[in-house]
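Breakdown of the fold
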Amino acid sequence: PHIEGSMAEVSFYEQDVLRAASQDLPWRLLDGKNVLVTGATGLIGGAVADVLMAAPTSCRVFGSGRNQQRAEKRFARYTQSDRFRFLPMDLTQPLEGDSDFHFVIDAAGGAAPRLYKEDPVGVMRSNLNGVDHLFQYGVRHALQRFLYVSSGEVYGEGDGRPFTEDYSGYVNPLEVRSCYPSAKRATETLCACYGAQHHVEVVIARPSHVYGPGFTESDNRVYAQFIRNVERGEDIVLKSKGEAFRSWTYVVDCATALLHILLLGKDGEAYNVADEQSNITIRQLAELTAGMAGRQVVFDIPDDATHGVTTPITKAVFDTRRLQSLGWQPLWHIEEGLRHTINQ
């Protein structure tokens, strides 16, 4: 495996990509194929594209997204490669063109919490319309297998036990914040319907909270805010007690999980993606991040503290036995993954 392009120094992230690409997977299944990765300028999609480019396969990787400028910077190392091409694409609109995409990894869809308040309609549309347009195009252009990157939020509020793939917890459909889990739930069903009606293989990934380098300045997910704080030499200020308990996954581990699911997953199945050794509270995440940069965690809890646009789910941990049955294991636990994120 190799990373294409010249690099004076190889970062932690680039070393991690090389390690991921050396995983024992049936890469030959992708030889000579076209793989479309949507949301390629995002955290997860970008990592998937990088691992595919470093993997021992002759597939062509098509990354899509809406921000051409960000893509040119993000994928600068592939400028001279004939295996990579970026396609400016707005999935809320029907797809045009005549390229065949044999495999689609759909990692698009608004995951930034601010969108749940500012544009909840757009969150619904980007998921449902995006998958609808991808399948409409795909069934006319040699689509063999579709991997939808859903979310662990489809489980809603649970009863404290680790979520298994057959679990369904409570989501209030009339809460505007439910735009995200409801969109993911409905889109999973749409994938299943397309698969059955048009005889296309479909697999679904349900990632836990994913972190890693490559997040954008506008990303207001909690780990991104923490890292920006310490990079600016600031303490981390928590506006709550930070008691919410979560499963976390380093982005390169998430990418290898998606590729296990794509290449080895059973048609019609969903798979949880999480590192079960990285289940911690928001407060513990803040303390780990601050400690690595010699900063502190400070509490500033307002009297009228509410959840706002953050998920109301208090505990979200995942059972990953189904994914592990495909041979996947996380390579980086939370301490090392955070260190690689901060010292990218």
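In what follows, the accompanying structure is described. Keep in mind that this is a model prediction, so the values were computed, not measured.

Moving on: the sheet that holds strand β3 (residues 84–88). Strand order in this open sheet of seven strands is β3-β2-β1-β4-β5-β6-β10, and the pairing throughout is parallel. What marks the edges here is a single partner per strand, and that holds for β3 and β10 (270–273). When the angles between neighbouring strand axes are averaged without regard to direction, this sheet yields 20 degrees. Relative to strand β6 (residues 201–207), strand β5 (residues 145–149) is paired through five bridges, and the arrangement is parallel. Within the sheet, the bridge partner assigned to F146 lies in β6 and is V202.

To continue, consider unusual backbone geometry. If you check the backbone angles, A142 has positive phi at about 65 degrees while not being a glycine. Within the element layout of this structure, A142 appears in the loop between α5 (120–138) and β5. For H199, which is not glycine, the phi torsion reads 55 degrees and is therefore positive. Its location among the elements puts H199 in the loop between α6 (179–198) and β6. By relative accessible area, which is 73% here, H199 ends up exposed.

Of all five residues that make up strand β1 (residues 34–38), five are buried, and the element is covered over most of its length. Side chains of β1 alternate between two faces, with N34, L36 and T38 and V35 and V37 buried alike. Relative to strand β2 (residues 60–65), β1 runs parallel, the two sharing four bridges. Within β2, the position partnered with V35 by the bridge is V61. In terms of handedness, the path from β1 via helix α2 (residues 43–54) over to β2 forms a crossover that is right-handed. With four bridges joining them, β1 and strand β4 (residues 103–106) adopt parallel strand pairing. The residue of β4 that forms the bridge with L36 is V104.

About the criteria used
- Residues numbered from 1 in each chain as written.
- Predicted model: local features only at pLDDT ≥ 70, side-chain atom pairs only at ≥ 80, totals over all residues.
- Heavy atoms only, no water.
- Pairing = 2+ DSSP bridges.
- Helix = DSSP H or I, 4+ residues; strand = E, 2+ residues; numbered from the N terminus.
- Axes fitted to C-alpha atoms, helices over the stretch in contact; angles between N-to-C directions.
- Buried < 20%, exposed > 50% of the residue type's maximum accessible area, 1.4 Å probe, protein only.
- Right-handed = clockwise from strand over helix to strand, strands pointing away.

So, to be careful, I would describe these as geometric facts and stop short of saying anything about function.
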